[in-house]
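Read off the chains here:
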Amino acid sequence: MQVRPFEPVDLDGAAALLAERHRRHRAAEPLLDPAFEEPVDARREIEELLAGDAAAGRVAHRGGSLVGYLVGISKDRETWGTNVWIESAGHAAADPDVVRALYADAAAVWVESLPANHYVVVPATDDELMAAWFGLDFGQQHVHAVREAPPASFGIVPRAELTIRPARRADLPALAELELVLPRHSQGSPIFSRLPIEPIDEVHAELEADFDDPRFTTLVAEVDGLVVGSAIACSLGESKSNVSLMRPAAAGFLGYAAVLPAARGLGVGRALGEAVLAWGRDAGYPAIATDWRSTNLPADAAWRALGFRPTFRRLHRGIT
Ligand SMILES: CC(C)(COP(=O)(O)OP(=O)(O)OC[C@H]1O[C@@H](n2cnc3c(N)ncnc32)[C@H](O)[C@@H]1OP(=O)(O)O)[C@@H](O)C(=O)NCCC(=O)NCCS
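Rules behind the numbers
Residues numbered from 1 in each chain as written. Predicted model: local features only at pLDDT ≥ 70, side-chain atom pairs only at ≥ 80, totals over all residues. Heavy atoms only, no water. Domains from an automatic or database assignment. Buried area = accessible area lost by both parts, 1.4 Å probe. Salt bridge = Lys/Arg side-chain N within 4 Å of Asp/Glu carboxyl O. Near = heavy atom within 4 Å. Polar contact = N/O pair within 3.5 Å; in protein donor to acceptor, adjacent residues only side chain to side chain. Areas by Shrake-Rupley, 256 points an atom, 1.4 Å probe, with all protein chains shown as cover. Helix = DSSP H or I, 4+ residues; strand = E, 2+ residues; numbered from the N terminus. Nonpolar A, V, L, I, M, F, W, Y, C, P; charged D, E, K, R; others polar.

Visitor: Lay out the domain arrangement of the protein chain in plain terms, naming residues and giving numbers.
Guide: Split into domains, the protein chain comes out as domain 1 (2-137) and domain 2 (148-307). Relative placement of domain 1 and domain 2: their C-alpha centres are 31 Å apart. Of the roughly 960 Å² buried between domain 1 and domain 2 on both sides combined, carbon and sulfur atoms contribute 67%. It is Leu 31, Asp 33 and Ser 88 in domain 1 that bury the most area against domain 2; as a group they hold 44% of the surface buried on that side. Applying the counting rule to domain 1 against domain 2 returns 0 salt bridges.

Right, dumping it as structure tokens:
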């Protein structure tokens, strides 16, 4: 096998491999966008990656044919540290040996120039590809998932004392408190997020400024007149981390949900999640997507219990 830098002449071969990988992926998860089974659409995604900042691509040839490619890009350092990302359209290969050879060649240069966090977004149902990356010392960090919108007969049946309703301006102080629930929770074990927590008055001001934005629907859960949980629903198009092959053609997005610690484990999260599913159905989306840190154990349990199926896993390897 011969590995060398990605050249424009390799684009069609890479696009054919990616379209084939996506065809296999859709056989396991039909909600994904069929468009990317077309090499012309798959090619556009690879071209976009190659046009990005600090993009670096490799291809592997065997017996005169292209058998794999890999493109690494770089993202915002404040969030990700020094980093290299291999996105959902950033790799496809004929077999695990090709993945290993491509990464070995590319990482030699990346690590020499900069110690960094390496991320790769891998189809969740592709056991071979997943095993190849796990064998390269990557571990699972994040899950992207989807499920179909519920049928017309689907209704939310929360406990009698629980009300789910659209948020009102008077809820803003409670919503600001709930906006801090996820970052606070994420600092704890076993997530250990290092992201800073915004002061609550800044969070309140942002929520107030965005309150009438028609792109977002905020729901609250109320018990005995007190707001104990919130959820935000929108088009998946609003998500910056669910892009390219990760996006079904049309999908709603469970963009945020939080329940106050004292009210957890009582069905509030489920009721909010179900309300977002019903919202997505009523807005005409055939699918609803969400994503979560795999170390966020309550979120992992709650979203799986709601029927979300993993589509892509983000894997991470820190070489620092
Ligand atoms: C995730 C979260 C919204 C869930 O809300 P919740 O009110 O505690 O969840 P529920 O009581 O409705 O439980 C939902 C399902 O998850 C399961 N579950 C919830 N917490 C669990 C836990 N710690 N361990 C195991 N299972 C759990 C429940 O059994 C339930 O399944 P079921 O409905 O089939 O019985 C809540 O834990 C939370 O606010 N976490 C911090 C913020 C956060 O992580 N937000 C999500 C970001 S992606």
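Visitor: An account of the site of the ligand is requested, with residue identities and associated values reported.
Guide: Surrounding the ligand, one finds 22 residues, the nearest of these being Ala 257, Val 259, Gly 269, Arg 270 and Asn 296. The contact in question runs from an oxygen atom of the ligand to an N or O atom on the backbone of Leu 266, over 3.0 Å. Ala 302 places a polar main-chain atom, nitrogen or oxygen, 3.4 Å from an oxygen atom of the ligand. Compared with its free state, where it exposes 920 Å², the ligand has 72% of that area covered by protein. Contributing elements (two or more residues each) for the shell around the ligand: helix H7 (181-187), strand E11 (251-259), helix H9 (268-282), strand E12 (287-293) and helix H10 (297-305). With 6 residues, the single largest contributor to the shell around the ligand is H10. Split by residue class, the shell around the ligand holds 14 nonpolar, 5 polar and 3 charged.

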